[in-house]
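Inside the fold
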Amino acid sequence: FSDINDGTDGVNGGDSSMVLKYLWAVKEKNIYHPDYILLNCGIHDIKRNAISKTYQVPPKEYEKNLREINSVVREMGAYLIWVRTTPVKEKTGIHDELKTVRYNSDVVLYNNIADRVMRKLKVPVIDLYTFTLNLGEDVFIDNVHPDEKTAELQAAFISGWLDCFDLP
């Protein structure tokens, strides 16, 4: 799908607006026909400008994006499986050269929004947030990215969930 410009330079899916843009492009080009789409977005949505404290994607827009993401996935003939956003380790100061900050309380807020939306839409949810939280505090290489051992445990958790869950 290298001909689709999603604004992330191929690094990741970005925030929910970028994911939605990408899914619309994939659907329009009719180039991807999965049975299931395992998806998460939220960690970029919760980024706040360190000075103004405004969200990258405000909560109401996030909720709207999630509903539309599910709609596009269904129009593609696939089923959505949602993965809850993992915790962030808060640290004092500005996150990066972009002068953004993230708060775990925002992860909780956005996970609650996603939980409500996915429950209403009857979308299965993998609780990677609680799983990761229960691994302890020293599981990050920075404030958002898991270390290698944690990533392996997360992958095994997701894989086990997919093996055990009765998907349509």
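Residues numbered from 1 in each chain as written. Predicted model: local features only at pLDDT ≥ 70, side-chain atom pairs only at ≥ 80, totals over all residues. Heavy atoms only, no water.

A short note on the overall build of the chain
The number of helices and strands found in the chain is five helices and five strands. Secondary structure elements of the chain occur, N-terminal to C-terminal, as α-β-β-α-β-β-α-β-α-α. Here the chain holds 168 residues, and the buried ones make up 42% of them. Within the chain, contacts between residues separated by at least 24 positions form 72% of all contacts whose residues are at least 6 apart in sequence. Surface summary for the chain: the accessible area is close to 9500 Å², and the carbon and sulfur share equals 53%. (Helix = DSSP H or I, 4+ residues; strand = E, 2+ residues; numbered from the N terminus. Buried < 20%, exposed > 50% of the residue type's maximum accessible area, 1.4 Å probe, protein only. Contact = heavy atoms within 4.5 Å. Areas by Shrake-Rupley, 256 points an atom, 1.4 Å probe, with all protein chains shown as cover.)

What to know about the confidence of the model for the chain
For residues with low pLDDT, the predicted coordinates do not support detailed interpretation. Here the chain averages 88 in pLDDT, and 88% of its residues register 70 or above. Of all secondary-structure elements in the chain, the lowest mean pLDDT belongs to strand E4 (residues 100–101), at 85, while helix H2 (residues 59–75) reaches the highest, 98. (pLDDT = per-residue confidence, 0-100.)

Structural notes on the sheet that holds strand E3 (residues 79–83)
Sheet architecture is open: three strands sit in the order E1-E3-E5, paired in parallel fashion. What marks the edges here is a single partner per strand, and that holds for strand E1 (36–39) and strand E5 (125–126). (Pairing = 2+ DSSP bridges.)

What to know about the packing of aromatic side chains
All told, the structure shown has four aromatic pairs when counted by the stated rule. Measuring from centroid to centroid gives 4.7 Å for Tyr62 and Tyr110, while their planes differ by 45°, and the two rings are tilted. With Tyr62 in helix H2 and Tyr110 in helix H3 (residues 104–121), this pair connects stretches of sequence that are 48 residues apart. Judged on exposure class, the residue Tyr62 and its partner Tyr110 are both buried. An aromatic cluster is present here, built from Tyr55, Tyr62 and Tyr110 joined pairwise through their rings. (Phe/Tyr/Trp six-rings, centres within 6.5 Å; stacked < 30°, edge-to-face > 60°.)

Quick word on the pairing of E1
Only one face of E1 is buried, namely the one carrying Ile37 and Leu39, since none of Tyr36 and Leu38 on the opposite face is buried. Bridging between E1 and E3 involves four bridges; their strand directions are parallel. Paired with Leu38 across the bridge in E3 is Ile81.

Describing helix H5 (residues 148–164)
The α-helix advances 3.6 residues per turn, and as a result positions three or four apart in sequence lie on the same side. Helix length check: H5 (17 residues) gives 24 Å between terminal C-alpha atoms against 24 Å at 1.5 Å per residue, within 8%. At its buried positions, H5 is contacted by E1, E3, E5 and helix H4 (128–133). (Expected span 1.5 Å × (residues − 1).)

Re H3
Look at H3: 25 Å from first C-alpha to last across 18 residues, which is about the 26 Å you get at 1.5 Å a residue. Within H3 the residues assigned to the buried category are Asn104, Asp106, Val107, Tyr110, Asn111, Ile113, Ala114, Asp115, Val117 and Met118. Looking at the residues trailing H3, positive phi occurs at Lys122, about 60°.

As for the nonpolar core
Grouped together as the largest cluster of nonpolar side chains are 29 residues, with contacts concentrated most on Leu23, Tyr62, Leu66, Ile69 and Trp82. The greatest single-element share of this core, amounting to six residues, is contributed by H3. Residues in contact with Trp82, not counting those within four places in the same chain, are Leu39, Asn40, Cys41, Tyr62, Leu66, Ala114, Met118, Val123, Pro124, Val125 and Ile126. Among the nonpolar cores identified, the runner-up in size contains six residues, and Val83, Leu128, Ile158 and Trp161 belong to it. (Core = buried A, V, L, I, M, F, W, Y, C linked by side-chain atoms within 4.5 Å.)

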